[in-house]
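Descriptive structure summary
Given next are the chains, with one letter for each unit.
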Amino acid sequence: MVSLQLLHSELTWRQRMWGFVLCFCIGTALSIWSSMYVHAILSHHPHRFAVPYTFGNLCSLFSTSFLVGPSSQIQSMFEKKRRFATLTYLITLCATLFVALNGGNALVVLSLIVVQACALIWYGASYVPFAQDILTKCLASCCDCLITI
């Protein structure tokens with residue numbers, strides 16, 4: 001970690017921006033590519049989706065460390081308000097890959113992807129003032145609508 005932080009501090013602002021853009025674009029490209037294989041989850045080849053999807057998410061997540069530095073990013077990810085979302089996201093990211101590579105059940109893979117997406121949304125919302133409160137209220141009103149139906 002020290003060597004990564006040292007490398008970050010030696011990069012110019014321009015190099016850090018290029019690193020961010022490049023990593024983010026690779027992550028986005030892998031995620032888009034994985035969407036072409038969503039059908040593979042149901043046809044007993046979930047690894048075709050899970051591998052590019054997982055590495056795309058990791059590249060996108062890692063890209064921001066070019067902006068703030070790896071130590072700062074990890075500290076920020078594990079602040080009290082983000083810890084649960086971070087752990088849920090990372091665990092489901094690994095579990096999705098593990099289950100998919102070991103011929104797991106399609107329903108389990110899909111469930112892990114849904115939980116992973118929810119954790120990522122909650123994690124991202126933690127950086128926007130009042131976004132988690134808004135999400136909570138929206139979810140509560142959706143649940144109220146479902147209960148009254």
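Residues numbered from 1 in each chain as written. Predicted model: local features only at pLDDT ≥ 70, side-chain atom pairs only at ≥ 80, totals over all residues. Heavy atoms only, no water.

1. Some thoughts on the side chain of Ser-126
Worth spelling out the cut-off: Helical segments are the DSSP runs of H or I of at least four residues, strand segments are the runs of E of at least two, and each set is numbered from the N terminus. By the convention used here, residues are in contact when the closest approach between their heavy atoms is within 4.5 Å.
Inspection of the secondary structure puts Ser-126 in the loop between α8 (106-125) and α9 (131-148). Those residues in contact with Ser-126 that sit more than four places away from it in its chain are Lys-81, Arg-82 and Gln-132.

2. Quick notes on the state of the cysteines
Applicable threshold: Put simply, a disulfide is two cysteine sulfurs that come within 2.5 Å. Burial classes follow relative accessibility: with a 1.4 Å probe on protein chains only, a residue under 20% of its type's maximum area counts as buried, one over 50% as exposed, and anything between as partly exposed.
Counted according to the given criterion, the structure contains 0 disulfides. In this structure Cys-23 is not part of a disulfide, and its nearest cysteine sulfur, from Cys-59, lies 5.5 Å away. Unpaired in this structure, Cys-94 has its nearest cysteine sulfur neighbour in Cys-59, at a distance of 14 Å. We classify Cys-94 as exposed; its relative accessible area is 54%.

3. Focus: the layout of surface pockets
What counts, and what does not: Cavity and pocket criteria rest on a 1 Å grid covering protein atoms alone: a 1.4 Å probe that fits but cannot get out defines a cavity, protein on both sides within 12 Å along at least 5 of 7 lines defines an open pocket, and an atom within 4 Å of a point defines a lining residue. Grid points are joined across faces, edges and corners, and a volume is the space filled by probe spheres set on the points. Under the scheme applied, nonpolar residues are Ala, Val, Leu, Ile, Met, Phe, Trp, Tyr, Cys and Pro; charged residues are Asp, Glu, Lys and Arg; polar residues are all the others, including Gly.
In this structure, the largest pocket encloses a volume near 280 Å³. Ser-60, Leu-61, Thr-64, Leu-120 and Tyr-123 are, among the 14 residues lining the largest pocket, the residues nearest its centre. Residue composition of the lining of the largest pocket, grouped by class: 8 nonpolar, 6 polar and no charged. When its volume is computed, the second largest pocket comes out at roughly 220 Å³. If you trace the second largest pocket, you find it lined by Phe-84, Ala-85, Thr-88, Val-115, Cys-118, Ala-119, Ile-121, Trp-122, Leu-135, Thr-136 and Leu-139. Of all the secondary structure elements, the ones that give two or more residues to the lining of the second largest pocket are α7 (80-101), α8 and α9.

4. Some words on the packing of aromatic side chains
The condition is simple: Any Phe, Tyr or Trp ring, taking Trp's six-membered ring, that has another such ring centre within 6.5 Å forms a pair; planes under 30 degrees apart are called stacked, those over 60 apart edge-to-face, and the others tilted. The criterion is that NZ of a Lys, or CZ of an Arg, lies within 6 Å of the ring centre and within 35 degrees of the ring normal, and then a charge sits over that ring.
Enumeration over the complete set of coordinates arrives at 5 aromatic pairs. For the pair Trp-33 and Tyr-37, a centre-to-centre distance of 6.0 Å together with 80° between the ring planes defines the contact as edge-to-face. With a centroid separation of 5.6 Å and 75° between ring planes, the pair formed by Phe-62 and Phe-66 is classed as edge-to-face. A relative accessible area of 40% means that Phe-62 is categorised as partly exposed. The lysine or arginine in question, Arg-82, covers the ring of Tyr-127, its NZ or CZ lying 3.6 Å from the ring centre.

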